[in-house]
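# Working through the structure, step by step
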Amino acid sequence: MNRHTTGLLAVLALLTSTAAFAHGDGDHTPKTRPYVASQVVDTPFGRQGDPRKVTRTIAIQMGDNMRFTPSALTVKRGETVRLKVTNRGQLLHELVLGTEDALKAHAEAMRKHPGMVHDDPSMVHVAAGATGEIVWQFHRAGEFSFACLLPGHFEAGMTGKVVVQ
Ligand SMILES: [Cu+2]
């Protein structure tokens, strides 16, 4: 890990109230992160879900028009869902779950460090034409967000809402 990355981690640690972001070495290929119950981190917006407990799959499309379709999701508290995210565009896109404030802070960090590699069970990077997924349990009620944090995309409005009832 270089000095640059270490500084960024420190910034993110200050900006986020949880350890939800694990920025480090990784690549941008969509893959399903193995579920290990003992490694699941609780966040204000839920936690990585057990794939065996998925009760619903929600298909989401991403496009170079900087939009998610659908951009508003409603889930029941406690529900484990599979977000199946397809990139219909020519550019790399990603879906990052979070609170609105944390996503804003994260987008700001991405803007300052465009080459920043980030990876976490709460996010998926999807190459053009590919499909990736996030398995997530929304165990806390509230209104949360998701966004593509690639520089310029968030600012262009590539965001969505999740209401957990
Ligand atoms: Cu994007």
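Read on for an overview of the structure. Quick caveat: nothing in here was measured; it's all calculated off a predicted structure.

## What about unusual backbone geometry?
- In this structure, the amide linkage connecting T69 to the following residue, P70, adopts the cis form with an omega of -5 degrees.
- Within the fold, P70 resides in the loop between β3 (67–69) and β4 (72–75).
- Residue M66 is not a glycine yet carries a positive backbone phi of 65 degrees.
- Looking at where M66 falls in the secondary structure, it is placed in the loop between β2 (56–63) and β3.
- Note on M66: 19 C-beta atoms within 10 Å, which makes it partly exposed.

## Some remarks on the sheet that holds strand β8 (residues 131–137)
- Here five strands make up an open sheet; going across it, the order is β1-β8-β5-β2-β3 and the pairing mixed. Sheet topology places β1 (47–48) and β3 at the edges, where each strand pairs with a single neighbour.
- With seven bridges joining them, strand β5 (residues 80–87) and β8 adopt antiparallel strand pairing. Looking at the pairing, T86 lines up with T131 of β8.

## Thoughts on helix α2 (residues 100–112)
- For α2, built from 13 residues, the straight-helix expectation of 18 Å at 1.5 Å per residue is met to within 8% by its first-to-last C-alpha distance of 19 Å.
- Buried within α2 are the following residues: A102, L103, H106, A107, A109 and M110. For α2, the arc enclosing every buried residue in end-on projection is 160 degrees, short of the 170-degree limit, so these residues lie on one face.

## Side note on the environment of R56
- One can find R56 in strand β2.
- Those residues within four positions of R56 in sequence are excluded, and the remaining contacts are E79 and V81.

## Concerning the nonpolar core
- L95, V96, L97, A147, C148 and L149 are the most contacted members of the largest nonpolar core, which totals 32 residues.
- Listing elements by their share of this core, those giving two or more residues are β2, β5, β6 (93–98), α2, β7 (123–126), β8 and β9 (142–147).
- Of the residues forming this core, the biggest block, five residues, is contributed by α2.
- If sequence neighbours within four positions are ignored, L97 has contacts with F45, S122, M123, I134, W136, F144 and F146.

Cut-off values and rules
- Residues numbered from 1 in each chain as written.
- Predicted model: local features only at pLDDT ≥ 70, side-chain atom pairs only at ≥ 80, totals over all residues.
- Helix = DSSP H or I, 4+ residues; strand = E, 2+ residues; numbered from the N terminus.
- Buried ≥ 20, exposed ≤ 12 C-beta atoms within 10 Å, placed from the backbone.
- Pairing = 2+ DSSP bridges.
- Expected span 1.5 Å × (residues − 1).
- Arc of directions from axis to C-beta.
- Contact = placed C-beta atoms within 7 Å.
- Core = buried A, V, L, I, M, F, W, Y, C linked by C-beta atoms within 7 Å.

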